[in-house]
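A structural walkthrough
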Amino acid sequence: MTQSITPEQLKNLAPNASPGQIEENSNPLGEFSQETLALTKRLFIQLKRRPSTLMAGIVQPLMWLILFGALFYNAPQGFLGTDISYGKFLAPGVIVFTAFSGALNAGLPVMFDREFGFLNRLLVAPLASRYSIVAASTLYIISLAFLQTVAIIVASALIGAGLPSIAGLGAIAAIVFLIVVGVTALSLSLSFALPGHIELIAVIFVTNLPLLFASTALAPLSFMANWLQWIASLNPLTYAIEPIRYLYLNDTWGLDSIVMNAPWGSMNFATVLLVLLIFDAIVLTAIQPLLQRRLA
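A brief structural summary. (Residues numbered from 1 in each chain as written. Predicted model: local features only at pLDDT ≥ 70, side-chain atom pairs only at ≥ 80, totals over all residues. Heavy atoms only, no water.)

1. Comments concerning the pairing of strand E1 (residues 258-262)
To keep it simple, the criterion reads: A strand pair is defined by DSSP finding two or more bridges across the two strands. By definition, any uninterrupted DSSP run of H or I lasting at least four residues is a helix, any uninterrupted run of E lasting at least two residues is a strand, and each is numbered from the N terminus.
Sheet analysis places E1 next to strand E2 (residues 265-268), joined by 4 bridges and oriented antiparallel. Bridge pairing in E2 places Met260 opposite Met267. The antiparallel hairpin formed by E1 and E2 contains 2 residues in its connecting segment.

Quick look at the structure:
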């Protein structure tokens, strides 16, 4: 007569399996963290094998700083409305646009994984949560954005743009984090929604420069036509650029400091941060149905 073996007996038959190990292996949060770190490590290994990606992401914004600074080198002092150099005005725009560009490209590795079949292997693997695939890509892009931000801040300080305070640097990191999370989520959703990398690259090219010129990265709102002022005031990049610019131009600041003068009124530091938080919340909520279908 045969005897059935219960799941509890199977656990006891596992070699070298102590009760503590079994309890640890059944921790969903620990397994999710382990999967996310492993997938993030894979992305950094790819970056190590192709360091040109990181080098280009650092060299390009430095070229922007140098070339645009030289382009407006002989501009009249005070033509921006305040007694500052254009290099100091430009540095916040370069910081935000560099982080934005990197986040906008976040979906490309996932898209290539789709096309080469690696994503299908992940989807059939016994993962604790398939959202670790998305979390790993987000963590990777945020890490790159911080590396690029540090490089730009150091380079801009060397060319005379100055250096914000310690608290200001922390605020810059928080702002970069907020804009990167939202844009990365959008890019990852496109990598699941679009048929291939050609379409994704086309979307990136179409949206990249228009969003740059429709922001305050290169010029203040007062320099723009009225219709462009409204568009720039609705652009999430502007809400990241203006508070960072205020940190560069002012030694003292607070949550009630007026950092942006939109066509409909003035906005303080706290309001601008709230707008970025709302932007992230809207994007993360909107992409949930798509991710649930694609990661099911």
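On we go from here.
2. Points about helix H6 (residues 107-116)
Inclusion rule: Burial status follows relative accessibility: with a 1.4 Å probe on protein chains alone, a residue under 20% of its type maximum counts as buried, one over 50% as exposed, and anything between as partly exposed. Whether two residues are in contact is decided by their heavy atoms: any pair within 4.5 Å suffices.
For H6, the set of buried residues is Gly107, Leu108, Val110, Met111 and Asp113. Buried residues along H6 sit against helix H3 (28-49), helix H5 (86-104), helix H7 (118-124), helix H8 (131-158), helix H9 (166-193) and helix H10 (197-213). At the C-terminal side of H6, Gly117 shows a positive phi close to 90 degrees.

3. Side note on the layout of surface pockets
Condition: Only protein atoms enter the 1 Å grid used here. Points where a 1.4 Å probe fits but cannot escape make up a cavity, open sets with protein on both sides within 12 Å along at least five of seven lines make up a pocket, and a residue lines them when an atom lies within 4 Å of a point. Grid points are joined across faces, edges and corners, and a volume is the space filled by probe spheres set on the points.
Considering only enclosed or pocket space, the largest pocket measures out at about 990 Å³ in volume. The wall of the largest pocket is formed by 36 residues, among which Thr53, Ser101, Gly102, Asn105 and Leu108 lie closest to the centre. Only H3, helix H4 (52-71), H5, H6, H8 and H10 provide two or more residues apiece to the lining of the largest pocket.

4. Describing the packing of aromatic side chains
Put simply, the rule reads: Any two of the Phe, Tyr and Trp rings considered here, Trp counted by its six-membered ring, make a pair once their centres fall within 6.5 Å; the pair's planes then place it as stacked at under 30 degrees, edge-to-face at over 60, or tilted in between.
Going through the model one piece at a time under the given rule, you end up with 6 aromatic pairs. Seen in terms of ring centroids, Phe44 and Tyr140 are 5.1 Å apart; in terms of plane orientation they differ by 80 degrees. Their pairing is edge-to-face. Here the residue Phe44 occupies a position in helix H3, and Tyr140 occupies one in helix H8, the gap between them amounting to 96 residues. Look at Phe44 and you get partly exposed, because its relative accessible area is 31%. Of the aromatic side chains, those joined through ring pairs into one cluster are Trp64, Phe97 and Phe100.

5. Let's talk about the packing of H4 against H5
The relative placement of two packed helices is expressed as an angle between their axes plus a distance between the axes. Heads up, the rule is: For every element, the axis is a line fit to its C-alpha atoms; helices are fit only across the contacting stretch, and the angle between N-to-C directions ranges from 0 to 180 degrees. The cut-offs work like this: below 35 degrees is roughly parallel, past 145 is roughly antiparallel, 65 to 115 is roughly perpendicular, and the gaps in between are oblique. Two helices crossing with the near one rotated counterclockwise from the far one by less than a right angle form a left-handed crossing, whereas a clockwise rotation gives a right-handed crossing. As a working rule, the residues Ala, Val, Leu, Ile, Met, Phe, Trp, Tyr, Cys and Pro are called nonpolar, Asp, Glu, Lys and Arg charged, and the rest polar, with Gly in that last group.
One can describe the packing of H4 onto H5 by two numbers: an axis separation of 10 Å at closest approach and a directional angle of 155 degrees. The angle between H4 and H5 falls in the class roughly antiparallel. Between H4 and H5 lies a crossing of right-handed hand. Counted together, Gly57, Pro61, Trp64, Leu65, Phe68 and Gly69 of H4 and Tyr86, Leu90, Ala91, Val94, Phe97 and Thr98 of H5 form the full contact between these two elements. The residue makeup of the contact of H4 with H5, split by class, is 9 nonpolar, 3 polar and no charged.

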